Amino acid sequence: MAEIQLKSLAHSYSKHPSGPEDYAIRQISHTWHKGGAYALLGPSGCGKSTMLNIISGLLAPSEGEVLFDDVRVNELSPKERNIAQVFQFPVIYDSMTVFQNLAFPLRNAGMAKDRIETKVNEVAEILELEAVLHRKARNLTADEKQKVSMGRGLVRDDVSAILFDEPLTVIDPQLKWKLRRKLKQIHEQFNITMVYVTHDQLEASTFADKIAVMYDGQIVQFGTPRELFERPNHTFVGYFIGSPGMNLVAVERCEEGVRFNGMTVKLGAGLQSLLEQSTSSNLKLGIRPEFIQLTTTPSDDTFECDVTDIEDLGTYKIVSLTLGNQSIKARVDEDHAVAPGKIHAGFPRQWLKLYVDEFLIEEQTE
Amino acid sequence: MNKIPDNRAWWLVLPVFILVAFSALIPLMTVVNYSVQDIFGPNSAYFVGTDWFREVLQNENLQASLGRQFVFSAAVLLIEIPLGIGVALMMPTSGRRGSLCLILLAIPLLIPWNVVGTIWQIFGRGDIGLFGWALNEIGINYNYTGNTGDAWATVLLMDVWHWTPLVALLCYSGLRAIPEAFYQAAEIDRASRWAIFRYIQLPRLKSVLVIAVLLRFMDSFMIYTEPFVLTGGGPGSSTTFLSQTLTTMAIGQFDIGRAAAFSLVYFLIVLLVSWLFFTAITHLDKEK
């Protein structure tokens, strides 16, 4: 087990990168602590797999350092780093049986025969592969193959870390849930550092204690699922996490705060002074649909909206509103009656986030 | 949809049947015809049954030739297959250097057989051949026309030079077809270079190796031109292989009956051994 530290890491697949757009990873400094269960969440093509391959040593980064327990490992092979990685699509050694597949990483490390046997049986039991243990791996179903692939990572209990690169993509939904539970169990049992790459926020939050959200080659936020939900650090996090994502409204400065469509939103004095430190005109206000309060009685803090659509999703409703020329979504309880027509929306101050150049600005709260 | 049985459909098979008949069946049946008759002239042919076959199988000359042939083919396979795999593994995977290697490898394959024989015949000479002269200069007494060992070594070297590139090219294409993910997984699983070869590359080379082994066996077992040009089968009959013996019998001595009988035996041996190789390799790791 190891603490994995990335120091101003950057990677470009082209030999002579000419600008930031040539980089798959742009300047990441980050630490994965010993024994943690982490998820690396982001859309396709944001550099997640690149980062994973750099950590495991399959790829040498163009710039920056990778440290395992404070030792630079940039030049070390995956073997020397002693790291396990499970790929998105199953890789099985098809001339071998399932048992031989699972035993392969252990045999390569020169482990004693009877210990291999115990380890393999243990993992086969966890992954429910006992029935096929002595069959040729190439005759398995896709699900089973991926389990074998994962098993080869899990049999090694002395590894620095196990990296999962969207390992459940090919697995059917029911089994997916089960395997995720298994991984969590294994993590609790052996306390191995695990990094789990996914583009599915549900998968990330069920597996990980802390999630790193990656966007455009950068980690834009690293926090617990709750932090990502309540305090998105970047407009992308707000938009990507949550269902539906955060409402983001472009606004412009005015004397008391910010303004859009002739409507003014007052800011606190602290926030106002923070805003004045920047000259950027890329300002956005964000609020989660869950935090919008809909009432039929207008007050000083509410805005009049038109209800354009109500989607009833069984346990909650999504109400689409138009405020001026902005469309906004609100998520309300199932039993909250909403009628088409005019409605008044309140945006509680503590859930209203201000973004300058896509990043959150906030008063320091003690 | 209802199927309407119509036996006239069989006529559609006719073109293929005619083609196969002219390309294989009729020539083969001619040989079968000769092998069971003793023919003196246009109107004096006698049916002799299996006499020719019995005689041919007991012919010591042919037996010796057959023995040499098996030794030669075995040596060819034992050298060329591992060597070809080795060359393929060492070749650059892409870029200019890769293309250059491919071109260099392909050159021996483009040279006509009798030219190959001539090249080596001159190359190996002690007086004007670079190879023979160099060997003698460094103190090795080398003379492929007089020494049986030298003759064998030269014939084998020539075949290895001529045909290892074929094995290497086949293996190279097989290796290129292995997805990168396998190498990545193996690297993660701490596999040694040998383990990668044994468990990833070799199993995935199996199908091209079947082709390589079969081609090299059949070709080497029927070898004629190169040793004929190089050594003429000598010294003595030490490098006289099966097809040369057969040719001498059929054309030199005009012993058509015996030659026909022996051709058929020859054909059956090639067929049998090829089948054995094929079955052995393809059943190697069938599930029990």
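Attention now goes to the overall build of chain A. When you go through chain A residue by residue, the secondary structure sums to 10 helices and 21 strands. A burial count over chain A gives 40% of its 366 residues as buried. Sequence separation of 24 or more characterises 65% of the internal contacts of chain A that already satisfy a separation of 6 or more.

Our next topic: the overall build of chain B. Assigned secondary structure in chain B consists of 12 helices and 2 strands. Reading chain B from its N terminus to its C terminus gives the helix and strand order α-β-β-α-α-α-α-α-α-α-α-α-α-α. In terms of overall size, chain B is more extended than a compact globule, its C-alpha atoms giving a radius of gyration of 24 Å where 288 residues would be expected to give roughly 19 Å. Projected onto its principal axes, the C-alpha coordinates of chain B cover approximately 80 × 75 × 35 Å. Burial statistics for chain B: of 288 residues in total, 26% are counted as buried.

All names here are of chain A. With respect to the element layout, Gly286 can be found in strand S14 (residues 283-287). Judged by the 20 C-beta atoms lying within 10 Å of it, Gly286 is buried. Here the alpha-carbon distance between Gly286 and Asn121, two residues 165 residues apart in the chain, equals 51 Å. Setting aside anything within four residues of it in sequence, one finds Gly286 in contact with Thr235, Gly238, Met246, Asn247, Leu248, Lys353 and Tyr355.

Residue and element names in this part refer to chain A. Pairing of strand S1 (residues 4-12) with strand S2 (residues 23-32) involves 6 bridges; the strand directions are antiparallel. Looking across to S2, one finds that Ile4 is bridged to Trp32. The pairing of S1 with strand S4 (residues 63-68) spans 5 bridges and is classified as antiparallel. For Lys7, the partnering residue across the bridge sits in S4 and is Glu65.

Listed by partner, the interface residues are 21 residues for chain A and 16 residues for chain B. Going through the elements one at a time, helix H2 (78-81), strand S6 (84-86) and helix H3 (98-108) of chain A are the ones with two or more residues in the side of chain A that touches chain B. A total of 3 residues in the side of chain A that touches chain B trace back to one element, the largest contributor, which is H3 of chain A. When grouped by side-chain class, the residues that make up the side of chain A that touches chain B number 11 nonpolar, 6 polar and 4 charged.

With that out of the way, let us pick up the packing of helix H7 (residues 148-176) of chain B against helix H9 (residues 193-221) of chain B. All names here are of chain B. At their nearest, the axes of H7 and H9 sit 9 Å apart, and the two run at 150° to each other. One way to sum up the angle between H7 and H9 is to call them roughly antiparallel. Where H7 crosses over H9, the handedness of that crossing is right-handed. Contacts between H7 and H9 involve Asp159, Trp163, Leu166, Val167, Leu170, Cys171, Ser173, Gly174 and Leu175 on the former and, on the latter, Gln201, Arg204, Leu205, Val208, Ile211, Ala212, Leu215, Arg216 and Ser220.

All names here are of chain A. With respect to topology, 6 strands assemble into an open sheet ordered S13-S12-S11-S14-S20-S21, the strand pairing being antiparallel. At either end of the open sheet lies a strand with only one pairing partner, and these are strand S13 (263-266) and strand S21 (359-361). The mean angle between the axes of side-by-side strands here comes to 45°, regardless of whether they run parallel or antiparallel. For strand S20 (residues 353-356) and S21, the ladder comprises 3 bridges, and the chain directions are antiparallel. Looking across to S21, one finds that Leu354 is bridged to Ile361.

Before going further, it helps to spend a moment on the sheet that holds strand S10 (residues 218-223) of chain A. All names here are of chain A. Read across the sheet, 6 strands follow the order S6-S7-S8-S3-S9-S10 without closing on themselves; strand pairing throughout is mixed. Edge strands, defined here as strands with exactly one partner in the open sheet, are S6 and S10. Strand-to-strand twist in this sheet, taken as the mean axis angle between neighbours without regard to direction, amounts to 15°. As judged from the 5 bridges shared by strand S3 (residues 37-41) and strand S8 (residues 194-198), these two strands associate in the parallel manner. Residue Leu41 lies in a different strand from S8, and its bridge partner there is Thr198. Each of S6 and strand S7 (162-165) is contacted by helix H5 (residues 142-154), which is oriented at about 165° to S6, the strand it contacts most.

Attention now moves to helix H6 (residues 173-190) of chain A. Residues and elements named next belong to chain A. The end-to-end C-alpha distance of H6 is 26 Å, a good match for the 26 Å that 18 residues give at a rise of 1.5 Å each. Listed in full, the buried residues belonging to H6 are Leu179, Leu183, Ile186 and His187. All buried residues of H6 fall inside an arc of 100° around its axis, so they share one side. Across H6 from its buried face, at more than 90 degrees, point the exposed residues Gln174, Lys178, Arg181, Gln185, Glu188 and Gln189. Buried residues belonging to H6 abut S3, helix H4 (113-126), H5, S8 and helix H7 (201-207). Positive backbone phi, approximately 60°, marks Asn191, located one or two places after H6.

Another aspect to go through is unusual backbone geometry. Residue and element names in this part refer to chain A. Across the junction of Ser243 and Pro244, the peptide omega takes the value -5°, indicating a cis bond. With respect to the secondary-structure elements, Pro244 resides in the loop between helix H9 (235-240) and strand S11 (247-253). One non-glycine residue, Glu166, lies in the positive phi region at around 40°. Tracing the backbone shows Glu166 in the loop between S7 and H6. Phi at Asn191 takes a positive value of approximately 60°, unusual for a residue other than glycine.

With that settled, consider the nonpolar core. Grouped together as the largest cluster of nonpolar side chains are 82 residues, with contacts concentrated most on Tyr38, Leu40, Ala161, Val195, Tyr196 and Val213 of chain A. If one sorts the elements of this core by residue count, H3 of chain A sits on top with 6 residues.

Considering every residue of chain B, the mean pLDDT works out to 87; 98% of them sit at 70 or more. Predicted complex metrics record ipTM = 0.78 and pTM = 0.77.

Glancing now at the pairing of S3 of chain A. All names here are of chain A. Counted residue by residue, S3 has 5 buried out of 5 residues, so it is predominantly covered. Both faces of S3 are covered, namely the face carrying Ala37, Ala39 and Leu41 and the face carrying Tyr38 and Leu40. Sheet topology note: the S3/strand S9 (residues 210-215) ladder contains 4 bridges and is parallel. Bridge pairing in S9 places Ala39 opposite Ile211.

On to the environment of Gly146 of chain B, then. All names here are of chain B. Here Gly146 lies in the loop between helix H6 (130-137) and H7. Assessed through the 12 C-beta atoms surrounding it within 10 Å, Gly146 is described here as exposed. Separated by 88 residues in sequence, Gly146 and Gly234 have C-alpha atoms that sit 8.1 Å apart.

Our focus in this paragraph is the environment of Leu275 of chain A. Residue and element names in this part refer to chain A. The topology assignment puts Leu275 in helix H10 (residues 269-276). Residue class for Leu275 comes out partly exposed when judged on the 17 C-beta atoms lying within 10 Å of it. A C-alpha to C-alpha distance of 7.9 Å links Leu275 and Val356, two positions 81 residues apart in sequence.

What counts, and at which threshold
- Residues numbered from 1 in each chain as written.
- Chains lettered and ligands numbered in written order.
- Predicted model: local features only at pLDDT ≥ 70, side-chain atom pairs only at ≥ 80, totals over all residues.
- Helix = DSSP H or I, 4+ residues; strand = E, 2+ residues; numbered from the N terminus.
- Buried ≥ 20, exposed ≤ 12 C-beta atoms within 10 Å, placed from the backbone.
- Contact = placed C-beta atoms within 7 Å.
- Rg over C-alpha atoms; globule rule 2.2 N^0.38 Å.
- Pairing = 2+ DSSP bridges.
- Nonpolar A, V, L, I, M, F, W, Y, C, P; charged D, E, K, R; others polar.
- Axes fitted to C-alpha atoms, helices over the stretch in contact; angles between N-to-C directions.
- Parallel < 35°, antiparallel > 145°, perpendicular 65-115°, else oblique.
- Left-handed = near helix turned anticlockwise from the far one by under 90°.
- Expected span 1.5 Å × (residues − 1).
- Arc of directions from axis to C-beta.
- Core = buried A, V, L, I, M, F, W, Y, C linked by C-beta atoms within 7 Å.
- pLDDT = per-residue confidence, 0-100.

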